[in-house]
Amino acid sequence: MTKTSDNFFERVYAVARQIPYGKVTSYGAIARALGTARSARMVGWAMNAAHNLEDVPAHRVVNRKGLLTGKHHFDGTNLMQQLLESEGIVIEDNQIIDLEKHFWEPEIRIYFCE
DNA sequence: AAGGTGACCGGCC
DNA sequence: TGGCCGGCCACCT
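Analysis parameters
Residues numbered from 1 in each chain as written. Chains lettered and ligands numbered in written order. Predicted model: local features only at pLDDT ≥ 70, side-chain atom pairs only at ≥ 80, totals over all residues. Heavy atoms only, no water. Helix = DSSP H or I, 4+ residues; strand = E, 2+ residues; numbered from the N terminus. Rg over C-alpha atoms; globule rule 2.2 N^0.38 Å. Buried < 20%, exposed > 50% of the residue type's maximum accessible area, 1.4 Å probe, protein only. Contact = heavy atoms within 4.5 Å. Areas by Shrake-Rupley, 256 points an atom, 1.4 Å probe, with all protein chains shown as cover. Lys, Arg positive; Asp, Glu negative; His and termini not counted. Charge placed at Lys NZ, Arg CZ, Asp CG, Glu CD. Axes fitted to C-alpha atoms, helices over the stretch in contact; angles between N-to-C directions. Parallel < 35°, antiparallel > 145°, perpendicular 65-115°, else oblique. Near = heavy atom within 4 Å. Salt bridge = Lys/Arg side-chain N within 4 Å of Asp/Glu carboxyl O.

Chemist: Any chance you could explain the overall build of chain A here in plain terms?
Modeler: Scanning chain A from terminus to terminus reveals six helices and four strands. Its helices and strands taken in sequence order, chain A reads α-β-α-α-β-α-β-β-α-α from the N to the C terminus. Taken over the C-alpha trace, chain A has a radius of gyration of 13 Å; the compact-globule value for 114 residues is 13 Å, and the two agree within 12%. Counting only C-alpha atoms, chain A reaches 40 × 25 × 20 Å along its principal axes. A total of 114 residues make up chain A; the buried ones form 41% of that total. Sequence-distant contacts, at least 24 apart, represent 66% of the contacts inside chain A between residues at least 6 apart. Entry remark: accessible area of chain A is about 7,000 Å², with carbon and sulfur atoms responsible for 51%. Taking the 13 positively charged and 14 negatively charged side chains of chain A as two groups, their mean positions are separated by 7 Å.

Set out below in structure tokens:
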């Protein structure tokens, strides 16, 4: 909280929490929203801790190609896919079909207002 | 304190 | 998007 690092995680969580139902976004998009476009990897790392929090729908976050890269980190191997399919998202071979159709980009303006 | 790591991205072949 | 390489930034041991 007092540490800046926690602030960074908080921002990642804040973005993920705002992902609408039935929509998905990419790590890079979140990183861009935070102003740290080059630390997309860090976003994934934050997600690692975020998936522990039920407030953060980490299953709605995929990589740029729409690949469910993080599904391996969930409880089940296909739990992430099941969740996304439950939201109306079509997934084939761990990959989201019509990614742009379900893609949602976070609003940057919110996170610059500190 | 330093090194290794990672749920990535973009560029190039 | 098929595959490989480099960069990048914060976290962990």
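Chemist: For this particular structure, what's the right way to read the packing of helix α2 (residues 27-34) against helix α3 (residues 40-50)?
Modeler: Axes are the key here: two packed helices are described by the angle between their axes and the distance separating the axes. Between α2 and α3, whose axes approach to 8 Å, the crossing angle comes to 105 degrees. It follows that α2 is roughly perpendicular to α3 by the angle criterion. Side by side, α2 and α3 meet where Tyr27, Gly28, Ile30 and Ala31 of the first sit next to Ala40, Val43, Gly44 and Met47 of the second.

Chemist: How do you make sense of the protein's contact with DNA strand B when you look at a structure like this?
Modeler: Close contacts around DNA strand B come from 18 residues, with Tyr27, Arg41, Met47, His51 and Arg64 the closest. A share of 51% of the atoms of DNA strand B within 4 Å of the protein falls on sugar and phosphate groups. Secondary structure elements with two or more residues in the surface near DNA strand B: α2 and α3. If you tally residues by element for the surface near DNA strand B, the top one is α3, at six residues.

Chemist: Sorry, what's going on with the pattern of salt bridges here?
Modeler: Any two side chains of opposite charge can pair, on the condition that their charged atoms come close. Per the stated rule, a full pass over the model turns up two salt bridges. A salt bridge links Glu87 to Arg60; its shortest N-O distance comes to 2.9 Å. Of this pair, Glu87 sits in the loop between α4 (79-86) and β3 (91-92) while Arg60 sits in the loop between α3 and β2 (61-62), placing them 27 residues apart in sequence. Residue Glu87 shares its accessibility class with Arg60, and that shared class is buried.

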